[in-house]
Amino acid sequence: MLLIVLLLAIHLLAAVFWVGGMAFAYWVLRPAAGALEPPARLPLWGRVFASFLPWVAVSIVALLASGFAMVSVMFDGFAAASLYVHIMTATGILMMLLYLHLFFAPWRRFQGALDRQELPEAAQRLNQIRLIVAINLALGVLTLVVGGTGRYW
């Protein structure tokens, strides 16, 4: 039982960090930074994502390790797992794939444009990142609700 509590605590902390960080960025930082001119706003976002994205990667590793371990310990594999576990796994993996796309495509292009001081290009890439974050935030909220309520369905 202690192992399950530990795995669940790791899983919850990693999920809340990732989804909470996206919520903060989207609903608090984005509107506040919108008042800044592009020469100040775009480097700010560059610093924010340079700090946040590696921590998301750590969260993803923690989510995968703790999630698959819990499925193994609690259900002896996915065959006996409840529907909510399958839904949570599917939405979580979709979120991870979107993160990987964000990291290796628009984020890298944003960094390059920022380094070259091509602010219109950087703004375009930031808008792509914003759209991916919006989708991932919605998926993250859905995943948290499914994970938190699913055992009571």
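Conventions adopted
- Residues numbered from 1 in each chain as written.
- Predicted model: local features only at pLDDT ≥ 70, side-chain atom pairs only at ≥ 80, totals over all residues.
- Heavy atoms only, no water.
- 1 Å grid on protein atoms, 1.4 Å probe; cavity = no way out; pocket = protein on both sides within 12 Å on 5 of 7 lines; lining within 4 Å.
- Points joined across faces, edges and corners; volume = space filled by probe spheres on them.
- Helix = DSSP H or I, 4+ residues; strand = E, 2+ residues; numbered from the N terminus.
- Nonpolar A, V, L, I, M, F, W, Y, C, P; charged D, E, K, R; others polar.
- Expected span 1.5 Å × (residues − 1).
- Bend = angle between axes of the 7 residues up to and from the residue.

**Student:** Give me the lowdown on empty space enclosed by the protein, citing residues and values where you can.
**Tutor:** Per the counting criterion, the structure on display carries 1 cavity of 30 Å³ or more. If you add up the space inside the largest cavity, you get close to 90 Å³. When contributions to the lining of the largest cavity are tallied by element, the ones reaching two or more residues are α1 (2-33), α2 (38-75), α3 (83-115) and α4 (119-149). With 4 residues, the top contributor of residues to the lining of the largest cavity is α2. Class assignment for the residues of the lining of the largest cavity results in 11 nonpolar, 1 polar and no charged.

**Student:** Can you break down α1 residue by residue, with the values?
**Tutor:** Its 32 residues place the ends of α1 43 Å apart at the C-alpha level, agreeing with the 46 Å of an ideal helix rising 1.5 Å per residue. Along α1, the sharpest change in direction is near 35° and occurs at A25.

**Student:** Describe the layout of surface pockets, with residues and values.
**Tutor:** In this structure, the largest pocket occupies an estimated 640 Å³ of space. Elements with a contribution of two residues or more to the lining of the largest pocket: α1, α2, α3 and α4. Tallied by class, the residues present in the lining of the largest pocket amount to 23 nonpolar, 8 polar and 1 charged. Taken as a whole, the second largest pocket spans an internal volume of roughly 210 Å³. Lining of the second largest pocket is provided by 13 residues; of these, R30, W45, L126, N127 and R130 occupy positions nearest its centre.

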